[in-house]
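So you can see what is in the structure, the chains are spelled out below.
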Amino acid sequence: MPLSGGERLVLGLYSTLLRLVTPLYLLRLLRRSRAEPLYRARLRERLGLGPASEAGAVWVHAVSLGETRAAAPLIAALRAARPGLRLLLTHSTATGREAGQALLLPGDAQCWLPFDTPGAVRRFLRRHRPAVGVLMETEIWPNLQHEAARAGLPMVLANARLSERSLRRGQRLPRLLGPAVRTLALALAQTEADAQRLRQAGVPQVQVQGNLKFDLQPDEALLAQGRAWREQLARPVLMLAVSREGEEAALLRHWQDLAPQRRAVGDPLLLIVPRHPQRFDEVAGLVQAAGLSLARRSRFGASGPQAQEAQAQVWLGDSLREMSLYYGLADLALLGGSFQPLGGQNLIETAACGCPLLMGPHTFNFAEAAELALAAGAARRVDDLAQGLAQGLALLEQAAPREVMAAAAARFAAAHRGAAARMAAAVLSLIP
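Residues numbered from 1 in each chain as written. Predicted model: local features only at pLDDT ≥ 70, side-chain atom pairs only at ≥ 80, totals over all residues. Heavy atoms only, no water.

Caption draft 1: Region of the structure containing the packing of helix α10 (residues 247-257) against helix α17 (residues 385-396). At a minimum axis distance of 9 Å, the contact between α10 and α17 shows a crossing angle of 55°. As the angle between them shows, α10 and α17 are arranged oblique. Here α10 runs over α17; the crossing is right-handed. Here E247, A250, L251, H254 and W255 of α10 lie close against α17, whose contacting residues are L385, A386, L389 and L393. Of the residues assigned to the contact of α10 with α17, the class counts are 7 nonpolar, 1 polar and 1 charged. (Axes fitted to C-alpha atoms, helices over the stretch in contact; angles between N-to-C directions. Helix = DSSP H or I, 4+ residues; strand = E, 2+ residues; numbered from the N terminus. Parallel < 35°, antiparallel > 145°, perpendicular 65-115°, else oblique. Left-handed = near helix turned anticlockwise from the far one by under 90°. Contact = heavy atoms within 4.5 Å. Nonpolar A, V, L, I, M, F, W, Y, C, P; charged D, E, K, R; others polar.)

Caption draft 2: Spotlight on the nonpolar core. M239, L271, W315, Y327 and L347 are the most contacted members of the largest nonpolar core, which totals 42 residues. Tallying contributions element by element places helix α14 (residues 323-329) first for this core, with 5 residues. Membership of the second largest hydrophobic core comes to 30 residues, among which are A70, A71, A77 and V427. (Core = buried A, V, L, I, M, F, W, Y, C linked by side-chain atoms within 4.5 Å. Buried < 20%, exposed > 50% of the residue type's maximum accessible area, 1.4 Å probe, protein only.)

Caption draft 3: Examining a nonpolar patch on the surface more closely. A cluster of nonpolar side chains, namely L17, L20, V21 and L24, defines an oily patch on the protein surface of about 400 Å² accessible area. With respect to the element layout, L17 can be found in helix α1 (residues 5-32). (Patch = residues over 30% accessible without salt bridge, like charges linked within 9 Å, V, L, I, M, F, W, Y side chains within 5 Å. Areas by Shrake-Rupley, 256 points an atom, 1.4 Å probe, with all protein chains shown as cover. Salt bridge = Lys/Arg side-chain N within 4 Å of Asp/Glu carboxyl O.)

Caption draft 4: Seen up close, the pattern of salt bridges. Tallied over the full model, the rule gives 24 salt bridges. Note that R69 and E349 form a salt bridge whose closest N and O atoms lie 3.2 Å from each other. Of this pair, R69 sits in helix α2 (residues 65-81) while E349 sits in helix α15 (residues 348-352), placing them 280 residues apart in sequence. Since its relative accessible area comes to 12%, E349 is described here as buried. Ionic pairing is found between E147 and R150, a salt bridge with its closest N-O pair at 3.6 Å. Here E147 and its partner R150 are both found in helix α5 (residues 142-150), 3 residues apart, which amounts to about one turn of the helix. Relative accessible area serves as the criterion here: at 5%, E147 is assigned to the buried category. A relative accessible area of 60% places R150 in the exposed class. Among the charged side chains, a salt-bridge network with shared partners connects R42, E45 and R97.

Have a look at this one:
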């Protein structure tokens, strides 16, 4: 559908603004590269430059670590359905790109997604000429969609989700985002509620296919390692999983207030695993400022935690791609992102690892999964972190309820698998 005059004007203003701020964005990447050097690599790709790849690949864009992990079962299903398939994998963050390297085979290509300026996007599409584009979960860019439509490239939004809040925000910019969503060939929604909101946003073709994250299998070796460490500790472990800014400080304040209950439970270990690696040092500083002894996972030797580390009051999970280890280690987890109005983090991996879960009031990013987990008995809802810690400490004393929750979590995760094969079939149907 061609753009109206008003839509062309708004897209032009948006493009001009992005061109003006591109130098500032490049500078921001260089600053971030001080902590994460990968941001400095191949900056030309951010402008749509860099090496070309062979035409006809399936292009999957996974912006960050979470989306890259969710894309893994889809990529595996695509390869199973079409042997010899070539993959073009793009990212926007260093953690996503690093994780994506494990998904590549000979003949595949990987690069940064270019900035959403018309020239950068056109150069990217000319260099790679993919057969189909797959955007993971929520990634919609106006110029990317416009240029893909001009090039005749079908674009799919896979594992798509759209909250009420995001829908309202998108509706405030109808002349910019409306044309972008209209050009999608297909959206593969996680839930019927997501599908209804995507249709309301203007996506012409929507199918409900489930959530790819149910198809992610825990790393059994890491899970076993975590359980072995738990046995060595001989004391309970309570984890704040994939925590966000503000949650750790609140957790530590309440943890100090609950000292009598902690002693009654047997001095449990508090394990904190932040969502973003650039915050590892910040969270370590919060623990030390609280006067608690700290051990960092990154400093464990090859043989695991030693006696002094085992006696620490707090462990910091400052490593990547080891969530299965942490869930194996924990007797109980608190869901990060759900105790601030941030929408919560992925609780499906928690369930797949058989880890009982307490979650706060804010789970709108995974609303249906949260409700299904509650209904299945795999998780419980609490009002805030103080209540979560109080209930968590109580559950640490009650092995039977925890075992019931763990078994329910494993059944819940297994019952919802299969989205990867369905989505792969839908994507491949768009390739001539």
